[in-house]
Amino acid sequence: AKRDGRNACQVYTAQVAPLDKIRVGLESALHHAMERDELRLAYQPQVSVVGQQFVGVEVLLRWQHPVLGMVAPNVFIPVLEDTGLIEPFGEWVLRQACRQYRQWLDSGEVSPNSKISVNLSPRQFRQRDLGQRIRDIISETGLPPANLTLEITESTLMYNLEQGASMLTELRRMGISVAIDDFGTGYSSLAYLKDLPIDYLKIDRSFVKDIVTDHNDAAIANSIIALAHNLGLKVVAEGVEDADMLERLAGFGCDQYQGYFFARPVSADEIPLLVSRCA
Ligand code: C2E
Ligand code: CA
Ligand code: CA
Ligand code: CA
């Protein structure tokens with residue numbers, strides 16, 4: 001039994017070692033990614049009422065490595081988070097995004113009441129001076145705070161509810177909107193929803209994916225929308241891939257939609273054309 005145990009252990013380490021190496025490799029490559037200009041932002045439109053009105057975009061980080069090619073966010077974001085690199089990278093994303101949106105607003109490319117949504121990682125959200133950092137970026141880029149939404153997940157918020165609540169209050173005072181991302185997938189108490197200054201719930205794609213065929217998913221999506229509306233929140237559905245999904249969600253009274261059915265995440269220069277097609 002002992003020998004078996006040791007063998008099992010060897011098998012385990014043999015499998016883990018290469019992954020560790022990959023991780024260390026990714027980590028050092030990521031250290032250079034910013035200075036080597038390998039980071040890009042992708043923008044995915046959000047629309048309201050059956051694709052007729054453009055309401056904003058979500059910003060998604062892209063890493064184009066010269067050898068590895070396009071690395072998926074699900075691979076490199078966790079490395080950024082673990083190493084703390086997410087703090088400078090996330091700040092870069094926010095600054096670039098605010099600058100870009102200010103330009104689109106100035107040139108009339110996007111409507112004055114539309115918003116840019118930026119993801120905040122758990123580690124970023126826990127930064128003590130986050131409020132001041134955001135204030136600096138807002139004043140430096142000149143983006144009206146009313147045109148900014150920050151997306152955080154339930155677990156980010158639940159990590160330290162007291163600190164989270166005071167950060168949300170600070171953001172609200174600045175005039176920034178807050179969306180709870182991937183709603184329904186984390187462990188959380190619904191009680192926080194009524195007390196915190198939150199503006200949007202984003203229904204996770206896992207509930208939208210099979211909404212047409214799966215009664216349980218449909219029931220969950222329907223309930224999330226009803227709950228949100230009763231609490232005075234708006235709902236954004238993510239991962240809307242076809243007309244049937246849209247029809248279902250619209251039937252439940254969903255407010256805004258995001259997904260491949262409308263547009264994939266695209267580079268900045270493709271946004272003006274997409275927006276002009278919407279409105
Ligand atoms: P998320 O915040 O839930 O972002 C939505 C993801 O769904 C994006 O994946 C988007 O490309 C994808 N998506 C949108 N519509 C559809 C659809 O119709 N079908 C399908 N199958 N997928 C769709 P992406 O760009 O790969 O990003 C994955 C995750 O990486 C994001 O999930 C977010 O958690 C994280 N992420 C991306 N950019 C940033 C960033 O700048 N900061 C932080 N902290 N996290 C980021
Ligand atoms: Ca998001
Ligand atoms: Ca999401
Ligand atoms: Ca998601």
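Values in this document were obtained by computation on a predicted structure and should not be read as measured data. (Residues numbered from 1 in each chain as written. Chains lettered and ligands numbered in written order. Predicted model: local features only at pLDDT ≥ 70, side-chain atom pairs only at ≥ 80, totals over all residues. Heavy atoms only, no water.)

(A) Quick peek at the pattern of salt bridges. If you walk through the whole model with that rule in mind, you get 16 salt bridges. Note that D129 and R133 form a salt bridge whose closest N and O atoms lie 3.0 Å from each other. On the accessibility criterion, D129 (36% relative accessible area) is partly exposed. Judged by relative accessible area, which is 28%, R133 ranks as partly exposed. In this structure, the salt-bridge partner of K209 is D210, at a minimum N-O distance of 3.5 Å. Through salt bridges with shared partners, one network takes in E91, R95, R99, D129, R133 and E140. (Salt bridge = Lys/Arg side-chain N within 4 Å of Asp/Glu carboxyl O. Buried < 20%, exposed > 50% of the residue type's maximum accessible area, 1.4 Å probe, protein only.)

(B) Representation of the coordination of the calcium ion (ligand 3) within the structure. Of the protein atoms, only D181 (OD), D182 (OD), E238 (OE) and E238 (OE) coordinate the calcium ion (ligand 3), at distances of 2.1 to 2.8 Å. All donors of the calcium ion (ligand 3) come from a single chain, and their spacing in sequence reads D-D-x55-E. (Donors = N, O, S within 2.8 Å, 3.2 Å for Na, K, Ca; no water.)

(C) A look at the site of ligand 1. In the vicinity of ligand 1, 21 residues are found, and the nearest of them are Q44, L61, R62, E241 and Y260. L61 is positioned with one of its backbone polar atoms (N or O) 3.0 Å from a nitrogen atom of ligand 1. E241 has a polar side-chain atom sitting 2.5 Å from a nitrogen atom of ligand 1. Isolated, ligand 1 exposes 800 Å² of accessible area, and the fraction of that covered by the protein chains is 83%. Judged by its atoms lying within 2 Å of the grid points, ligand 1 is housed in the largest pocket. If you list the elements that add at least two residues to the shell around ligand 1, you get β2 (53-65), α2 (73-83) and β6 (177-183). Top element by residues in the shell around ligand 1 is β2. It accounts for four residues. Here the shell around ligand 1 is built from residues that sort into eight nonpolar, six polar and seven charged. (Near = heavy atom within 4 Å. Polar contact = N/O pair within 3.5 Å; in protein donor to acceptor, adjacent residues only side chain to side chain. Areas by Shrake-Rupley, 256 points an atom, 1.4 Å probe, with all protein chains shown as cover. 1 Å grid on protein atoms, 1.4 Å probe; cavity = no way out; pocket = protein on both sides within 12 Å on 5 of 7 lines; lining within 4 Å. Sits in = over half its atoms within 2 Å of the grid points. Helix = DSSP H or I, 4+ residues; strand = E, 2+ residues; numbered from the N terminus. Nonpolar A, V, L, I, M, F, W, Y, C, P; charged D, E, K, R; others polar.)

(D) Representation of the layout of surface pockets within the structure. What the largest pocket holds in volume is close to 1100 Å³. Residue lining of the largest pocket: 36 residues in total, with E58, L60, N74, N119 and D181 positioned closest to the centre. Class assignment for the residues of the lining of the largest pocket results in 13 nonpolar, twelve polar and eleven charged. One number sums up the size of the second largest pocket: a volume of about 230 Å³. Lining the second largest pocket are 17 residues, and of these V55, N113, K115, Y200 and Q256 sit closest to its centre. Of all the secondary-structure elements, those providing two or more residues to the lining of the second largest pocket are β1 (39-48), β2, β4 (115-119), β5 (148-153), β7 (200-203) and β8 (234-237). For the lining of the second largest pocket, the element with the highest residue contribution is β2, accounting for three residues. Considered class by class, the residues forming the lining of the second largest pocket number five nonpolar, eight polar and four charged. (Points joined across faces, edges and corners; volume = space filled by probe spheres on them.)

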